[in-house]
Amino acid sequence: MNSITPERLAKAFAIPKKDEVVNAQKLPVRYHVETGVDTENRVEKFLQTMATILKHTNYGFALDHFARVTTRCSRCTAACPIYEVTGSPKDVPCYRSGLLLDIYRRHFTIGGKVRARITGDLGLTEDIIEEMAGSFWDCNACRRCTNDCPMGIDHALITHLSRWILAEMGIVPRAMVVSTREQMIGDSHNTSAIPLPALLDSLEFMEEEMEEAKNAPVKFPTDVEGAEYLFVAPVSDYMMEAETLMGIACVMHATGASWTIGTKNYDAINYGLFYSDQVLERLVNNIEAEAERLGCKKILIGECGHASRSAKYFYNNFAKHTKRPIINILEYTYDALKAGKLNFDTSIITQSVTYHDPCNIARQGWIIEQPREIIKAFIPNFIEMTPNRRDNYCCGGGGGSVSIDELRPYRTTVSGRKKAEQIAATGADMVIAPCANCKKQVRETLEDNEVATELVGLHDLIYKALILSPDGVAWREPSDDMDWMGGDEDFVPPQEAEAKG
Ligand code: SF4
Ligand code: SF4
């Protein structure tokens with residue numbers, strides 16, 4: 001694959017919006033901001049918001065530490081896939097983080113205030129706010145640079161905090177706000193606005209498909225009080241990734257698990273991880289409340305990196321009731337495999353397969369070997385991509401950017417370019433990405449970069465190869481076309497409805 005051309009780069013950074021939208025927002029950013037946002041006195045508002053957050057959280061300690069220890073040694077530069085593609089000094093991780101650290105030093109430390117009196121440094125300006133509004137949504141918050149920083153500077157944390165401050169001023173991608181609003185106060189309580197009847201219809205349809213394909217009565221239990229596991233998937237899976245869900249249901253069936261989907265909260269997505277601790281806290285507690293309502297002992301998250309990380313790492317801080325273990329489905333399936341509960345037909349998956357490590361579960365070393373052990377149990381032709389495991393490249397849609405359709409040219413030609421190159425270099429027929437966000441992003445990236453590799457979930461392949469039936473058949477081709485939204489054919493998710501105007 002050739003390196004990116006100046007023409008493609010210009011296209012990726014073009015603003016796809018009409019002039020009147022840009023003028024109304026008074027922000028030259030490539031994503032839509034909520035209409036009606038007050039753009040006056042932004043400097044004052046930014047500093048007041050930042051002061052409030054620093055006062056009520058521990059972010060001040062982290063910023064103070066980072067502001068003191070950074071050496072500008074540039075080791076992080078070589079780790080960032082975005083810098084590798086653009087070569088722009090503005091994409092050096094330390095430069096981007098410096099936008100906020102400089103404001104912290106100048107406005108929130110005694111030394112900075114004294115120096116400003118001597119040098120006349122004005123500090124924060126409208127131009128810096130505009131640069132931050134673009135730059136912090138260019139970063140994937142993938143934390144690859146943090147692994148390489150000798151001082152341990154967490155650039156993704158700085159990106160998160162900066163986005164939170166901007167979001168409190170109304171500078172936040174509309175795609176994030178519309179979905180989150182529906183999840184928190186809408187009728188459906190989920191980011192895709194899937195009504196409960198449509199969900200139940202879709203579960204019933206998948207049960208019929210599994211009965212036919214697997215010759216076994218596999219169920220999606222709902223509202224089972226006292227079930228051991230509350231299962232929460234990224235809700236978009238019910239529209240986009242049915243085979244992933246059917247594979248998970250088959251694993252639960254094979255292991256005889258006591259599990260349930262809760263009908264009051266069936267969405268694991270937590271966009272708070274990307275732009276707001278307040279949203280993060282509220283959504284973590286929504287999952288907890290559902291587990292409490294049904295009396296479940298554990299919370300099981302589907303194939304989703306950010307949902308698993310937001311629950312696993314922030315549950316302990318934010319959940320108000322009793323603490324429950326958080327388990328990702330890859331951990332569950334791995335344990336079942338090791339316990340001898342899964343029986344595979346190893347002749348089903350004949351294609352060559354590679355594996356993408358989602359940043360949110362792999363970067364910290366939490367889930368790395370488990371999926372590889374599962375893959376090796378039934379897929380003979382497995383190829384590692386390079387680099388892999390904790391060093392793997394982000395899919396390019398990390399940090400929530402995958403949800404922002406206006407950013408697609410940027411995501412697939414800039415931030416996702418290293419991923420496309422990695423996958424193409426393996427020559428594999430299929431790439432497994434066990435994360436809802438990665439699935440969407442990798443699909444679009446493969447398409448836009450013309451890489452002929454098929455994107456699948458891990459449980460999609462498990463669904464085909466797992467033997468459940470007494471006759472030993474792993475999988476039969478289902479007879480009908482799949483219509484995952486069941487009877488609600490006119491349903492349009494709110495984001496799409498907005499986009500269509
Ligand atoms: S590696 Fe760490 S210390 Fe070095 S420039 Fe990057 S952020 Fe700064
Ligand atoms: S978090 Fe990822 S995208 Fe952001 S600066 Fe670091 S390496 Fe680059």
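If you're wondering where the values come from, they're calculated on a predicted model, not measured in any experiment.

Procedures and definitions
Residues numbered from 1 in each chain as written. Chains lettered and ligands numbered in written order. Predicted model: local features only at pLDDT ≥ 70, side-chain atom pairs only at ≥ 80, totals over all residues. Helix = DSSP H or I, 4+ residues; strand = E, 2+ residues; numbered from the N terminus. Buried ≥ 20, exposed ≤ 12 C-beta atoms within 10 Å, placed from the backbone. Contact = placed C-beta atoms within 7 Å. Near = placed C-beta within 6 Å. Nonpolar A, V, L, I, M, F, W, Y, C, P; charged D, E, K, R; others polar. Pairing = 2+ DSSP bridges. Right-handed = clockwise from strand over helix to strand, strands pointing away. Core = buried A, V, L, I, M, F, W, Y, C linked by C-beta atoms within 7 Å. Domains from an automatic or database assignment.

1. A word on the environment of Ile327
Turning to step 1, where the next piece is worked out: Topologically, Ile327 is positioned in strand 4 (residues 326-328).
Turning to step 2, where the next piece is worked out: Judged by C-beta crowding, with 17 C-beta atoms within 10 Å, Ile327 ranks as partly exposed.
Turning to step 3, where the next piece is worked out: Residues Ile327 and Asp38, spaced 289 residues apart in sequence, show a C-alpha to C-alpha distance of 42 Å.
Turning to step 4, where the next piece is worked out: When near neighbours in sequence (up to four residues on either side) are disregarded, Ile327 contacts Lys298, Leu300 and Tyr332.

2. Looking at the site of ligand 2
Turning to step 1, where the next piece is worked out: What surrounds ligand 2 is a group of 15 residues, the closest being Cys80, Pro93, Cys139, Cys142 and Cys145.
Turning to step 2, where the next piece is worked out: Listed by contribution, the elements that provide at least two residues to the shell around ligand 2 are helix 6 (93-108), helix 9 (144-148) and helix 10 (155-168).
Turning to step 3, where the next piece is worked out: The residue inventory of the shell around ligand 2, partitioned by class, reads 10 nonpolar, 2 polar and 3 charged.

3. Re the site of ligand 1
Turning to step 1, where the next piece is worked out: Neighbouring ligand 1 are the residues Thr70, Thr71, Arg72, Cys73, Ser74, Arg75, Cys76, Pro93, Cys94, Cys149, Met151 and Ile153.
Turning to step 2, where the next piece is worked out: Residue classes in the shell around ligand 1 are distributed as 7 nonpolar, 3 polar and 2 charged.

4. Examining the pairing of strand 3 (residues 298-301)
Turning to step 1, where the next piece is worked out: In this structure, strand 1 (residues 229-232) lies alongside strand 3, joined through 4 bridges in parallel fashion. Bridging across to strand 3, Tyr229 finds its partner in Lys298.
Turning to step 2, where the next piece is worked out: When strand 3 meets strand 4, the two strands line up parallel, connected through 3 bridges. Residue pairing for strand 4: Leu300 is matched across the bridge by Ile327.
Turning to step 3, where the next piece is worked out: With respect to chirality, the unit in which strand 3 leads through helix 17 (residues 305-318) into the neighbouring parallel strand 4 is right-handed.

5. A word on the nonpolar core
In a soluble, globular protein the nonpolar side chains are often hidden away together inside.
Turning to step 1, where the next piece is worked out: One finds Leu230, Cys250, Ile301 and Leu466 to be the most contacted residues of the largest nonpolar core, which totals 142 residues.
Turning to step 2, where the next piece is worked out: Per-element accounting of this core gives the leading share, 8 residues, to helix 14 (residues 242-255).
Turning to step 3, where the next piece is worked out: Of the residues that make up this core, three or more belong to each of domain 1 (6-172) and domain 2 (179-488).
Turning to step 4, where the next piece is worked out: In contact with Leu466, not counting residues within four places along its chain, are Cys250, Ala254, Leu342, Phe344 and Ala474.

6. Some words on unusual backbone geometry
Turning to step 1, where the next piece is worked out: In this model, Thr386 is joined to Pro387 through a cis peptide bond whose omega is -5°.
Turning to step 2, where the next piece is worked out: Tracing the backbone through its elements, the reader meets Pro387 in the loop between strand 6 (382-383) and helix 21 (408-415).
Turning to step 3, where the next piece is worked out: The phi torsion at Ser74 lies on the positive side, around 75°, for a residue other than glycine.
Turning to step 4, where the next piece is worked out: Counting through the fold element by element, Ser74 comes out in the loop between helix 4 (59-69) and helix 5 (81-86).
Turning to step 5, where the next piece is worked out: Non-glycine residue His189 carries a positive phi angle of around 60°.
Turning to step 6, where the next piece is worked out: Looking at the secondary structure, you find His189 in the loop between helix 11 (174-185) and helix 12 (196-214).
Turning to step 7, where the next piece is worked out: Judged by the 20 C-beta atoms lying within 10 Å of it, His189 is buried.

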